Amino acid sequence: MCILEMFDDEDEDIHRLLAKRSINTLSVINMTTRRSFMPKVTDYMAVVGQMAVPQHIDDFKMHYRISRDVFHIILESVQDLLIRGGRGPHDTVTPEKQLLVCVSYLATNQSMRETAHFFNLSKSTVHQIIKEVCNILVNLRDRIIRWPSPRQQTEIATEVEAVCSLPGVTGFIDGTHIRLSAAIGGERDYYNRKGYPSIQLQAVVDNNMKIINAYTGWPGCVHDARVLRNSSVYIKAEAGELFSQNYHIFGDNAYPLRNWLVTPFKNFGNLTRQQIKFNKRLSGVRQTVERAFGHLKGRFRRLRDVPLHDHKEVCNLIIACCVLHNLCIINEDDVEGYIEYEEEDPNNFPNVYQNGHAGVLRRLQLVNIP
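Rules used in this analysis
- Residues numbered from 1 in each chain as written.
- Predicted model: local features only at pLDDT ≥ 70, side-chain atom pairs only at ≥ 80, totals over all residues.
- Heavy atoms only, no water.
- Helix = DSSP H or I, 4+ residues; strand = E, 2+ residues; numbered from the N terminus.
- Buried < 20%, exposed > 50% of the residue type's maximum accessible area, 1.4 Å probe, protein only.
- Contact = heavy atoms within 4.5 Å.
- Areas by Shrake-Rupley, 256 points an atom, 1.4 Å probe, with all protein chains shown as cover.
- Salt bridge = Lys/Arg side-chain N within 4 Å of Asp/Glu carboxyl O.
- Patch = residues over 30% accessible without salt bridge, like charges linked within 9 Å, V, L, I, M, F, W, Y side chains within 5 Å.
- Pairing = 2+ DSSP bridges.
- Axes fitted to C-alpha atoms, helices over the stretch in contact; angles between N-to-C directions.
- Parallel < 35°, antiparallel > 145°, perpendicular 65-115°, else oblique.
- Left-handed = near helix turned anticlockwise from the far one by under 90°.
- Nonpolar A, V, L, I, M, F, W, Y, C, P; charged D, E, K, R; others polar.
- Expected span 1.5 Å × (residues − 1).
- Arc of directions from axis to C-beta.
- 1 Å grid on protein atoms, 1.4 Å probe; cavity = no way out; pocket = protein on both sides within 12 Å on 5 of 7 lines; lining within 4 Å.
- Points joined across faces, edges and corners; volume = space filled by probe spheres on them.
- Phe/Tyr/Trp six-rings, centres within 6.5 Å; stacked < 30°, edge-to-face > 60°.
- Lys NZ or Arg CZ within 6 Å of the ring centre and 35° of its normal.

Draft legend 1. Geometry of the overall build of the protein. Along the protein, the regular secondary structure elements total 15 helices and five strands. With 370 residues in all, the protein has 48% of them scored as buried. For the protein, the proportion of contacts with a sequence separation of at least 24, taken over those separated by at least 6, is 68%. Accessible surface computed for the protein: about 19600 Å², of which carbon and sulfur atoms make up 50%.

Draft legend 2. Representation of the pattern of salt bridges within the structure. All chains considered together, the criterion is met by 11 salt bridges. Its salt-bridge partner being E290, residue R286 comes within 2.9 Å of it at the nearest N-O pair. Remark: E290 and R286 occur in helix α13 (residues 273–299); sequence separation between them is four residues, near one turn of the helix. Judged by relative accessible area, which is 32%, E290 ranks as partly exposed. Among the charged side chains, a salt-bridge network with shared partners connects K61, R299, D333 and D334.

Draft legend 3. Geometry of a nonpolar patch on the surface. A surface patch of nonpolar side chains, about 210 Å² in accessible area, is lined by V360, L361 and L364. Examined against the element boundaries, V360 turns out to sit in helix α15 (residues 357–367).

Draft legend 4. Focus on the sheet that holds strand β4 (residues 248–250). Spatial strand order, β3-β2-β1-β4-β5: five strands in an open sheet with mixed pairing. Where the open sheet ends on each side, the last strands, each with one partner, are β3 (211–219) and β5 (261–262). As paired strands, β4 and β5 are joined by two bridges and run parallel to one another. Directly across from I249, in β5, lies its bridge partner L261.

Draft legend 5. Structural detail: the packing of helix α8 (residues 123–139) against helix α14 (residues 311–330). Contact pair α8 / α14: the axes reach a minimum separation of 8 Å and the direction vectors enclose 60°. Compared by their axis directions, α8 and α14 come out oblique. Both α8 and α14 take part in a crossing whose hand is left-handed. On α14, the residues that touch H127, K131, C134, N135, L137 and V138 of α8 are E313, N316, L317, I319, A320, V323 and L324. In terms of residue class, the contact of α8 with α14 is made up of eight nonpolar, three polar and two charged.

Draft legend 6. Structural view of helix α10 (residues 150–164). Across its 15 residues, α10 extends 21 Å between first and last C-alpha, which sits within 8% of the 21 Å expected from 1.5 Å per residue. Taken together, the buried positions of α10 are Q153, I156, A157, V160 and C164. Across the axial projection of α10, the buried residues extend over an arc of 100°, all falling on one side. Opposite the buried face of α10, at more than 90 degrees from it, the exposed residues are R151 and A162. At its buried positions, α10 is contacted by β1 (169–179) and α13. Two residues or fewer after α10 comes S165, characterised by a positive phi angle close to 65°.

Draft legend 7. Looking closely at empty space enclosed by the protein. For the structure on display, the rule yields two cavities of 30 Å³ or more. By volume, the largest cavity amounts to about 70 Å³. Around the largest cavity, the lining residues are M112, H127, I130, K131, C134, N135, L308, E313, N316 and L317. Those elements that provide at least two residues to the lining of the largest cavity are α8 and α14. For the lining of the largest cavity, the element with the most residues is α8, which contributes five residues. Here the lining of the largest cavity is composed, by residue class, of five nonpolar, three polar and two charged. Of the volumes computed, that of the second largest cavity is approximately 30 Å³.

Draft legend 8. Spotlight on the packing of aromatic side chains. With the rule as written, the count across this model stands at seven aromatic pairs. Plain terms: the ring middles of F60 and F71 are 5.5 Å apart, the flat faces sit at 70° to each other, and that makes the pair edge-to-face. Of this pair, F60 sits in helix α4 (residues 57–64) while F71 sits in helix α5 (residues 68–78), and the two are 11 residues apart along the sequence. Residue F60 shares its accessibility class with F71, and that shared class is buried. Plain terms: the ring middles of F243 and W260 are 6.0 Å apart, the flat faces sit at 20° to each other, and that makes the pair stacked. One end of the pair, F243, is in the loop between α12 (232–238) and β4; the other, W260, is in the loop between β4 and β5, and 17 residues separate them in sequence. There is no split in this pair, since F243 and W260 are both buried. Aromatic rings pair up to connect W147, Y234, F243 and W260 into one cluster. Over the aromatic face of F265 sits the side chain of R363, whose NZ or CZ is 3.9 Å from the ring centroid.

These results come straight from atomic positions and should not be treated as a statement about function.
What follows is the structure, given as structure tokens:
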């Protein structure tokens, strides 16, 4: 620098040239010189092991948002499918560690890079683990997310009737939007009415918030009623395959009236006292599905912003969270403590499809119940 300061103003161009060459030389040195040591977290699994000690047992639940008992129930179901060899210089990634990686990612908003740092894995390995574990959880879907049998429908209806005095209710249906970090493929169809990209999740839940049917994959701009009409619930219910006689589910005004789907009366200021009373009863118990979504997104916070770019991977992640949600419900894993309510459904449009005559009659029967 002393040499450079000796140049006169007339040599300003030479000054700049030498300075530029010095910077370029330093850049080349930095690119060709590798650090001998890069700090890593190498003993995190030992820390997780310490969380099994009684005085630290709550730490596990705080970090992974499920209890250690429920974690081991899940691990027992999937560990045989998670046995795999390491890749390259990596040691074998144990089934326990793989499940921890996936649950950690689903339960928080941390990135794959951050997850990789904690577990001393590469980002690509973490991505592959999350993908594989979600696929395995999706394969458990038919065991964990099941439509109730006729006997179970009777039990559900009895419990719901004790709360709202309305008979024959076996579940509640609604849709929610899973926010995406970016629209898949840049397609505008993924943008919903609120202006952010999303994929829709339609769910039917029982009176205990357990999901008995989950359907996802439609872009955010699609009307809830259209999602319904393309789902297995609609197809099978219309064919008479799902409901026992005089049984039905409750939905909101976005859905059409069917003999198996009852919705509230639209209020244009002309409702009778009985109709207003019916709407309040229906709305009161239908909050069960809203609470279920509050628990699903409150416990598995990844569903508040999914950064994946592959449609199938996103759908598998959503269904995997639904499976984990049910396991938490079934095992009574502090469900109330994780319910976080969200903003109004972006696509809560009025129904655009014609109401079925049998559905109109079903609702009239219910509205006359004192």
